[in-house]
Amino acid sequence: MTTAPQAQLVFHGTLIHSKVLDELTILENAVLVVDPNDGRIIRLDENVPREDVPALLRSLGLDDADGGAKTRYLERTEFLIPGFVDTHNHAPQYAQRGLGQSMQILDWLSTVTFPNEARFADPAHAQRIYSRCVDSFLRQGITTAAYYGSLHAEATQILADLCLAKGQRALVGKCNMDRHAPPSYVEASPEASLRDTEACLAHVERIDPAGRLVRYVLTPRFAISCSDALLAGLGAIARRRPDLAIQTHVNEARSEMEFTRRLFPAFGSEIDLYEHFGLLSPRSILAHCCYMSEREVQQVAALGCGVAHCPVANMTVGGGFMAAPVRALLRAGVKVGLGTDSGGGFSSSLLDAARQALVASNTREVASEGEDRGLTIAELFYLATLGGAQVCGLEEKVGTFQVGKEFDALVINAADRAGGGSVMTMIEEEDSLNTIFEKFIMTGDDRNIEQVYVRGRLVKS
């Protein structure tokens, strides 16, 4: 039986993306064509009047009338943006968001988080929570997520299965932690942890051999919870598999940093520690980095690591107003993306992360007496899209609209619909496209995200 070819997916209207840090690109009357077979953008034309679209499609052999194309005409209050990239997310914490806010981080881990994550030993529990988690993040426009799982191999494999089935692009890693955790939630030995890591890696590569959507990421939780032998073993895997991403927490809170120094007195910093064990490279995702010396910033830049900036979590759990030095990192050439870090943060919205990043940057501007200026709307958007893609090593695939890239995208509808629209700032007749976009970034929510596509597949409508 021969399967009929799928119609090409075509959009006409406003496309907004950010190809460089401080510049927003708004394409009006653009025509974008997606090949549904591999989800790639195969054509992008600018400044095509709506009435000329049918003729253009016919010239390409793509006529709506004969089923060769499915065309979506975007209205004035609608626009297309790249999908959001969440560079730091704890999937097991999805159901605990909002709990333990204002606690010191080590207390929060021992009283709230570790008992919650221990429940993922039950595969049925993992299936139920992770299913809701992935659905929720897709609904909020997060087309790519870097997930920490629990320490359980079976639960982590369930998470990977769900990401693939539901169509979310994801880095998925089993947490490695063989010490300084409750007896109910700690791995038996470095060998057991590494064995389960290898099993999860094999599972991910079995279900998605080409890594089209789901890839494995080595995930030492943080140095406190990992013995020297475990860190050395993960470093050996990283050397053997230089294609693998690596994620961990770095310089998140003062109490965490002091504990790490007591455990590893031979190292001057956490950056030195992770570099020693072979865990820092251009494929490393360093979460938080709230307290960074100039030397550490330059080290991270030289090593090519990316930083996951998680401002909501940094200001609600940990102890103090922990505003990461984002401007200093960017100035040094460090890749930076945004992370929700939910449930360290109370929100699973990357829009909320962007807004809080603005607040944090303004605070640092005051604290630095103007040296580290606050972030702009264009820069926030860059961090949420292409910046995040760079941190996750996916910038060649997603983050902008370019021919040859894969179509991870959101259809935004900013209209004030009667009887159930969003609460974002109302759109006025005189509003420019830039104004409408800014209103969405600062006041919109998931109700304005009308459709979500990953690799050309509609995953939310």
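Here's what I pulled together on the structure shown here. Source: prediction; values computed, not measured. (Residues numbered from 1 in each chain as written. Predicted model: local features only at pLDDT ≥ 70, side-chain atom pairs only at ≥ 80, totals over all residues. Heavy atoms only, no water.)

1. A short note on the environment of Val 53
Mapped onto the fold, Val 53 is located in helix H1 (residues 53-59). In sequence terms Val 53 and Phe 11 are 42 residues apart; their C-alpha atoms lie 9.8 Å from each other. Ignoring any residue separated from it by four or fewer positions in sequence, one finds Val 53 in contact with His 12, Val 31, Val 48 and Tyr 73. (Helix = DSSP H or I, 4+ residues; strand = E, 2+ residues; numbered from the N terminus. Contact = heavy atoms within 4.5 Å.)

2. Side note on unusual backbone geometry
In this chain, Ser 342 is followed by Gly 343 through a cis amide linkage whose omega measures 5 degrees. By the secondary structure assignment, Gly 343 is in the loop between strand S14 (335-338) and helix H12 (350-367). One non-glycine residue with positive phi stands out, namely Arg 455, at about 50 degrees. Tracing the backbone through its elements, the reader meets Arg 455 in the loop between strand S16 (449-454) and strand S17 (457-460).

3. Description of the packing of H12 against helix H14 (residues 433-443)
Where H12 meets H14, the closest approach of the two axes is 8 Å, and the angle between their N-to-C directions is 95 degrees. Put simply, H12 runs roughly perpendicular to H14. The residues of H14 that touch H12, namely those facing Leu 351, Arg 355 and Leu 358, are Phe 440, Ile 441, Met 442 and Thr 443. Looking at side-chain class alone, the contact of H12 with H14 contains five nonpolar, one polar and one charged residues. (Axes fitted to C-alpha atoms, helices over the stretch in contact; angles between N-to-C directions. Parallel < 35°, antiparallel > 145°, perpendicular 65-115°, else oblique. Nonpolar A, V, L, I, M, F, W, Y, C, P; charged D, E, K, R; others polar.)

4. Things to note about a positive patch on the surface
A cluster of basic residues, Arg 97, Arg 119, Arg 128, Arg 132 and Arg 139, forms a positive patch at the surface. Tracing the backbone shows Arg 119 in the loop between helix H2 (105-118) and helix H3 (123-139). Looking at Arg 119, the relative accessible area reads 48%, which means it is partly exposed. (Patch = residues over 30% accessible without salt bridge, like charges linked within 9 Å, V, L, I, M, F, W, Y side chains within 5 Å. Areas by Shrake-Rupley, 256 points an atom, 1.4 Å probe, with all protein chains shown as cover. Salt bridge = Lys/Arg side-chain N within 4 Å of Asp/Glu carboxyl O. Lys, Arg positive; Asp, Glu negative; His and termini not counted. Charge placed at Lys NZ, Arg CZ, Asp CG, Glu CD. Buried < 20%, exposed > 50% of the residue type's maximum accessible area, 1.4 Å probe, protein only.)

5. Points about the pairing of strand S3 (residues 40-45)
Here strand S2 (residues 23-35) pairs with S3 via five bridges, running antiparallel. Considered in S3, the bridge of Leu 32 is made with Leu 44. Counting the residues in the hairpin turn of S2 and S3 gives four residues, including Gly 39, whose phi is positive at 70 degrees. (Pairing = 2+ DSSP bridges.)

6. Quick notes on H3
Over its 17 residues, H3 extends 24 Å from the first C-alpha to the last, a length consistent with the 24 Å expected when each residue adds 1.5 Å. When H3 is considered as a whole, its buried residues turn out to be His 125, Ala 126, Ile 129, Tyr 130, Ser 131, Cys 133, Val 134, Ser 136, Phe 137 and Leu 138. Lining the buried residues of H3 we find strand S6 (84-90), strand S7 (142-148), helix H4 (153-166), S16 and S17. Its side-chain oxygen at 3.0 Å from the backbone nitrogen of Ala 124, Asp 122 defines the N-terminal cap of H3. Looking one or two residues past H3, Gly 141 carries a phi angle of roughly 85 degrees, positive in sign. (Expected span 1.5 Å × (residues − 1). Polar contact = N/O pair within 3.5 Å; in protein donor to acceptor, adjacent residues only side chain to side chain.)

7. A word on the environment of His 152
With respect to the helices and strands, His 152 occurs in the loop between S7 and H4. Its relative accessible area of 14% is what places His 152 among the buried residues. Sequence separation of His 152 and Arg 97 is 55 residues, and the distance between their C-alpha atoms is 20 Å. The contacts of His 152, once residues within four sequence positions are left out, are Glu 117, Ala 118, Phe 120, Ala 121, Lys 174 and Tyr 185. Here the side chain of His 152 touches Ser 150 through a polar contact of 2.8 Å, side chain to side chain.

8. Some points on the nonpolar core
Counting 113 residues, the largest nonpolar core has Ile 81, Phe 84, Tyr 130, Tyr 147, Tyr 274 and Phe 440 as the members making the most contacts within it. Beyond its immediate sequence surroundings of up to four residues, Phe 440 is in contact with Phe 79, Ile 81, Phe 84, Leu 351, Arg 355, Ile 412, Met 424, Asp 445, Asn 448 and Ile 449. Counting 15 residues, the second-largest nonpolar core is a separate cluster that includes Ile 41, Leu 74, Phe 407 and Ala 409. (Core = buried A, V, L, I, M, F, W, Y, C linked by side-chain atoms within 4.5 Å.)

9. Topic: the side chain of Arg 455
Engagement of the side chain of Arg 455 in a polar contact is seen with the side chain of Glu 406, the distance being 3.2 Å. Those residues in contact with Arg 455 that lie beyond four places of it in its chain are Asp 38, Gly 39, Arg 169, Arg 212, Leu 213, Glu 406, Phe 407 and Asp 408.

10. Considerations on the pattern of salt bridges
All told, the structure shown has 24 salt bridges when counted by the stated rule. Residues Arg 169 and Glu 406 are paired through a salt bridge, measuring 2.8 Å at the closest nitrogen-oxygen approach. Residue Arg 169 is located in strand S8 (residues 169-173), and its partner Glu 406 is located in the loop between helix H13 (377-391) and strand S15 (409-413); the two are separated by 237 residues in the primary sequence. Judged by its relative accessible area of 2%, Glu 406 is buried. Between Arg 240 and Glu 198 there is a salt bridge; the shortest N-O distance is 3.1 Å.

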